[in-house]
Amino acid sequence: MREDWTDRFLAKITEADNGCWEWQAARLPTGYGRFYLNGKHRYAHRVAYEAVKGPIPDGLVIDHLCRNTSCANPDHLEAVTNRVNVLRGVGFFADRARQTRCIRGHRFDAANTYRARNGTRKCRTCRRAAACEYRRRRRGVRCAAA
Ligand SMILES: [Zn+2]
Ligand SMILES: [Zn+2]
């Protein structure tokens, strides 16, 4: 027999103005709510997701579209690949991945972008300019591209 845990679950939630279901009970340092279910500690948001949308497909993680890790509103949750989750996340790598221009303002579009060996995006215009600058300094050659 499955435990009817819905009331117990909902008692731990308050709905915020933005629609987030703020978890009021135990939380992990990361903000994720913890919920004890069928003899195990589970992530509250995963429990909510599975209850409403079904099992989380293998290899996918749950992304908080609202970026509020203590939120357990299934409408704010989406099963995505870990890479998508990281790219959407907040932080240095996410900012870099979202960046649409290089530090000098050239566009990171298909024609102007290449990947460095470590995977970071590089700007072709800047590379061309740097090569010109190098030639100019070393050999006094001017080039039009710079
Ligand atoms: Zn939310
Ligand atoms: Zn550039």
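Scroll up to find the structure.
These lines cover the structure that appears in this document, whether it is placed above or below. (Residues numbered from 1 in each chain as written. Chains lettered and ligands numbered in written order. Predicted model: local features only at pLDDT ≥ 70, side-chain atom pairs only at ≥ 80, totals over all residues.)

1. Digging into the overall build of the protein chain
Okay, so step 1: Scanning the protein chain from terminus to terminus reveals five helices and eight strands.
Okay, so step 2: When the helices and strands of the protein chain are placed in sequence order, the string is α-β-β-β-β-α-β-β-α-α-β-β-α.
Okay, so step 3: Per-residue burial over the protein chain gives 16% buried out of 146 residues.
Okay, so step 4: When contacts within the protein chain are restricted to residue pairs at least 6 apart in sequence, long-range pairs at least 24 apart make up 28% of them. (Helix = DSSP H or I, 4+ residues; strand = E, 2+ residues; numbered from the N terminus. Buried ≥ 20, exposed ≤ 12 C-beta atoms within 10 Å, placed from the backbone. Contact = placed C-beta atoms within 7 Å.)

2. What about the pairing of strand S4 (residues 40–43)?
Okay, so step 1: Two strands pair when backbone bridges link them, and strand S3 (residues 34–37) and S4 are joined in this way by four bridges, in the antiparallel orientation. By the bridge assignment for S4, Leu37 is matched with Lys40.
Okay, so step 2: What sits between the antiparallel neighbours S3 and S4 is a turn of two residues, in which Asn38 has the positive phi angle 50 degrees. (Pairing = 2+ DSSP bridges.)

3. Looking at the environment of Gln99
Okay, so step 1: Tracing the sequence through the fold places Gln99 in the loop between helix H4 (92–98) and strand S7 (113–115).
Okay, so step 2: Overall, the presence of 11 C-beta atoms within 10 Å leaves Gln99 in the exposed class.
Okay, so step 3: Considering only alpha carbons, one finds Gln99 and Arg121, 22 residues apart in sequence, at a separation of 9.6 Å.

4. Here we look at the nonpolar core
Among soluble globular proteins, nonpolar side chains are generally buried collectively.
Okay, so step 1: In terms of nonpolar packing, the biggest core is built from 15 residues, with Trp21, Ala44, Val47, Ala48 and Ala72 touching the most fellow members.
Okay, so step 2: With four residues, the top contributor of residues to this core is helix H2 (residues 44–53).
Okay, so step 3: Beyond its immediate chain neighbours, meaning those up to four positions away, Ala44 contacts Trp23, Tyr32, Gly33, Arg34, Phe35 and Ala72. (Core = buried A, V, L, I, M, F, W, Y, C linked by C-beta atoms within 7 Å.)

5. Describing H2
Okay, so step 1: Considered for burial, the residues of H2 that qualify are Ala44, His45, Val47, Ala48 and Tyr49.
Okay, so step 2: Where H2 is buried, its residues contact helix H1 (6–10), strand S2 (21–23), S3, S4, strand S5 (60–64) and strand S6 (77–81).
Okay, so step 3: Phi turns positive, to about 100 degrees, at Gly54, one or two residues after H2.

6. So, the environment of Ala111
Okay, so step 1: Along the chain, Ala111 falls in the loop between H4 and S7.
Okay, so step 2: Note on Ala111: 8 C-beta atoms within 10 Å, which makes it exposed.
Okay, so step 3: Sequence-wise, Ala111 and Arg124 are 13 residues apart; in three dimensions their C-alpha atoms are separated by 8.2 Å.

7. So, helix H5 (residues 124–139)
Because an α-helix packs 3.6 residues into every turn, residues spaced three or four apart end up facing the same way.
Okay, so step 1: In this model H5 runs 22 Å from its N-terminal to its C-terminal C-alpha over 16 residues, within 8% of the 22 Å that 1.5 Å per residue would give.
Okay, so step 2: Remark: Gly140 follows H5 within two positions and exhibits a positive phi of approximately 70 degrees. (Expected span 1.5 Å × (residues − 1).)

8. Things to note about unusual backbone geometry
Okay, so step 1: Even without being a glycine, Asn38 presents a positive backbone phi close to 50 degrees.
Okay, so step 2: Positioned with a positive phi, Arg67 is a non-glycine residue whose angle comes to about 60 degrees.
Okay, so step 3: Examined against the element boundaries, Arg67 turns out to sit in the loop between S5 and S6.

9. Quick notes on the environment of Trp23
Okay, so step 1: Note on placement: Trp23 falls in strand S2.
Okay, so step 2: The exposure class of Trp23 is buried, given the 25 C-beta atoms found within 10 Å.
Okay, so step 3: In this structure, the C-alpha to C-alpha distance between Trp23 and Ala44, residues 21 residues apart in sequence, is 7.8 Å.
Okay, so step 4: Discounting chain neighbours no more than four positions away, the residues touching Trp23 are Lys12, Ile13, Gly33, Ala44, Ser70 and Ala72.

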